[in-house]
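# Chain and residue survey
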Amino acid sequence: MDEKALRALLGQVKTGKVSLDDAVGKLKDLPYAELGYATVDTHRNLRFGFPEVVLGEPKTVEQILGIVGALVERKQTVLVTRLQPEKAEALVARFPKGEYHPVARIFHLPQRKVKAGRVAIVTGGTSDIPVAEEAALTAQAMGADVRRVYDVGVAGIHRLLRRRDEIQECHVAVAVAGMEGALASALGGLVGIPVVAVPTSVGYGANLGGISALLSMVNSCASNVATMNIDNGFGGGFYAALISRTKGRS
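Each value, and the rule that gives it
- Residues numbered from 1 in each chain as written.
- Predicted model: local features only at pLDDT ≥ 70, side-chain atom pairs only at ≥ 80, totals over all residues.
- Heavy atoms only, no water.
- Pairing = 2+ DSSP bridges.
- Helix = DSSP H or I, 4+ residues; strand = E, 2+ residues; numbered from the N terminus.
- Axes fitted to C-alpha atoms, helices over the stretch in contact; angles between N-to-C directions.
- Contact = heavy atoms within 4.5 Å.
- Domains from an automatic or database assignment.
- Buried area = accessible area lost by both parts, 1.4 Å probe.
- Salt bridge = Lys/Arg side-chain N within 4 Å of Asp/Glu carboxyl O.

Where an unreviewed UniProt entry is consulted, the chain appears under the name Nickel pincer cofactor biosynthesis protein LarB, with the organism given as Corallococcus exercitus.

### Some thoughts on the sheet that holds strand 7 (residues 118-123)
Across the sheet, 5 strands lie side by side as 8-7-9-10-11; this open sheet has parallel pairing. The sheet is open, and its two edges are formed by strand 8 (145-149) and strand 11 (225-227), each paired on a single side. Between one strand axis and the next, the sheet turns by 25 degrees as a mean value, whatever way the strands run. By the bridge criterion, 3 bridges tie strand 10 (residues 195-199) to strand 11 in an arrangement that is parallel. The partner of Val195 across the bridge, within strand 11, is Val225. Where helix 6 (residues 129-141) meets the sheet, its contacts fall on strand 7, strand 8, strand 9 (172-177) and strand 10, and the angle it forms with strand 8 comes to roughly 165 degrees. Here helix 10 (residues 211-218) sits on the sheet in contact with strand 9, strand 10 and strand 11, set at roughly 160 degrees to strand 10.

### Quick word on the domain arrangement of the chain
Many structure descriptions define interface size as the accessible area lost when the parts assemble. Taken domain by domain, the chain comprises domain 1 (31-109) and domain 2 (116-243). On a C-alpha basis, the centroid separation for the pair domain 1 and domain 2 is 26 Å. Of the residues lining the interface, 11 residues belong to domain 1; the matching set on domain 2 comes to 13 residues. Summing the contributions of domain 1 and of domain 2, the shared interface buries around 1,000 Å²; its carbon and sulfur component is 76%. Together, Phe50, Arg82 and Val103 form the three largest contributors to the area buried by domain 1 at its contact with domain 2, with a combined 38%. At the junction of domain 1 and domain 2, the tally comes to 1 salt bridge.

In structure tokens form, the structure reads like this:
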């Protein structure tokens, strides 16, 4: 249940179209749905404007189906991240209105239209696209207008300069890069909008599985850069969409 649905329900109680007992029945599990193996936060949609997101990677098929079923029953948008193909097949079979995006490893089943602002997803290289797509699809699910600007890293920074105006027109940018992670600082110095930095584990030995890129982004001297954890495209997309939603309203 989101704020719009809650207001509609209370309005129906006020006009007598819905009885008090029926309204209580609809609201009694508003804070959470207890499934035994999971306590689904059904109140998050009301607080955030977007429901709880399901991390699929470590869960069993049965657990994922149960959690998604609880969200669908309450007409909440479903987003499952880090989802393996065999689990995705089971989800699509049970919920055919949803769609699996294999590059991003995301299953998305929209229920209500939401609106956010403009988000640019920028990558250093093509190898960063899987993490970038996780960010892009997350932001899109939250209602953002996403602009993809891929493979514009600092090894050929003229490519980034050519796309600067397009990125500047957005409310927030997500910089996704591995290797030395210099893209976030370069982008932050070029645009006057918030930049969410997402380091990736792409790189050779001294990249240390993304730690080098993470430290570079954390130590950025561009004051408009905030950094997510390694390969956390979901976190970058979610945070960027929240920022864009605020900017879009203003």
